[in-house]
Amino acid sequence: MTPDTAAPKAERDFDVVLVLSGGNALGAFEAGVYETLHTHGLQPDWVVGASIGAINGALIVGSAPDRRIETLRAFWRPNPLGATGMATPWLPSAIETARRTTAVAWTAAAGRPGAFGPLLSSLTPWTDAKPSLFETDQLGVTLARLIDFDLLNAGPCRFTATAVDLETGADVAFDSRHRAIGPDHILASAALPVVFPPVEIDGRWMVDGGLSANLPLDPVLADAPARPTLCIAVDLLPLCGPLPATLGEAANRMQDLIFAAQSRRTIARWQAAYDQHGESRLALLRVAYTEQDDEVAGKALDFSGSTIEQRWAAGRAAGLRIVARIQAGAVAIGAPGLNVVDLEG
């Protein structure tokens, strides 16, 4: 099936699910991917996210379609107080590395206004239930300002954020189809232990869903969809990468492998299950943020303006690769079983 990607969502004969992974500041890539999908008529019927993916997903679902890009831009605009810097492609790569490293150090010390406070900002008060390096109360305020939660909960697009129970280790999914979602549910999905404080939901302390599945495919694949479905999964951490030559590159590669290997195992597990029992028609297209040659150790804390723009542009380009594959008929939408296309290679 080769869909007309310029057709309105209501005229499609298949559903679109967008799955967004965690990765903190790398999430600007997801915003770029969404911008391209949006302009080509591939607006989602369901968005599932973990960590920054849950934040981006809530910004998308909780905004009117004609305001979604504007809302994402409002969240990702450069920090006016931070070290934004200018990209310097005409100078040696060491200059760009120094700029990005400085941006990481700035965020680590000063936080990111509108998201999390300065280093050790959560120490006053520090309770046994919420030990962390940064406070995230201001992120809750930002989400409440940017997101229309009435639309998120009652609108036509379903929303799911994943989290982990800090005490039991159980996976938790906050789904707008089954409960009212508020800022705390999104904060919980992005509450990476030690860095950010856990969030109490219904008497349970919740932390970052990416600890269990950074690319949260289980909510989608566990229940075989009734209609032909295209699941576009955006993975911020690539599985493949060059051999590291420095300690910083080794740290980056370790982080990538820890989380991207989750995605590989999850897809393989569900592929085997669908091959045995799946009667559904589900196409899974995974795209990864692979253009990371200029990234540095601590890249998830680089919120500098030029880096955010570069990641957003990389996401737009990845979105065009998705659209090109679909228009070429290279994604088996509507074919029986689970049909996987991996654009990372």
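In this text, all values refer to a predicted model and were calculated from it rather than measured experimentally.

About the cut-offs
Residues numbered from 1 in each chain as written. Predicted model: local features only at pLDDT ≥ 70, side-chain atom pairs only at ≥ 80, totals over all residues. Heavy atoms only, no water. Helix = DSSP H or I, 4+ residues; strand = E, 2+ residues; numbered from the N terminus. Buried < 20%, exposed > 50% of the residue type's maximum accessible area, 1.4 Å probe, protein only. Contact = heavy atoms within 4.5 Å. Patch = residues over 30% accessible without salt bridge, like charges linked within 9 Å, V, L, I, M, F, W, Y side chains within 5 Å. Areas by Shrake-Rupley, 256 points an atom, 1.4 Å probe, with all protein chains shown as cover. Salt bridge = Lys/Arg side-chain N within 4 Å of Asp/Glu carboxyl O.

### What to know about the environment of Ala261
Structurally, the position occupied by Ala261 is in helix α9 (residues 247-277). Classification of Ala261 by relative accessible area gives buried; the value is 11%. Linking Ala261 and Gly315, residues 54 residues apart in sequence, is a C-alpha distance of 21 Å. When near neighbours in sequence (up to four residues on either side) are disregarded, Ala261 contacts Leu239 and Asp256.

### So, a nonpolar patch on the surface
Nonpolar side chains collect at one region of the surface, where Leu119, Leu120, Leu133 and Val194 lie side by side and expose about 330 Å² of accessible area between them. Along the polypeptide, Leu133 turns up in the loop between α4 (93-110) and α5 (137-146). Judged by relative accessible area, which is 31%, Leu133 ranks as partly exposed.

### Some details on the environment of Leu59
Mapped onto the elements of the fold, Leu59 is located in helix α2 (residues 52-61). Separated by 13 residues in the primary sequence, Leu59 and Leu72 place their C-alpha atoms 6.4 Å from one another. Setting aside residues up to four positions removed in sequence, Leu59 forms contacts with Thr71, Leu72, Phe75, Leu146 and Ile147.

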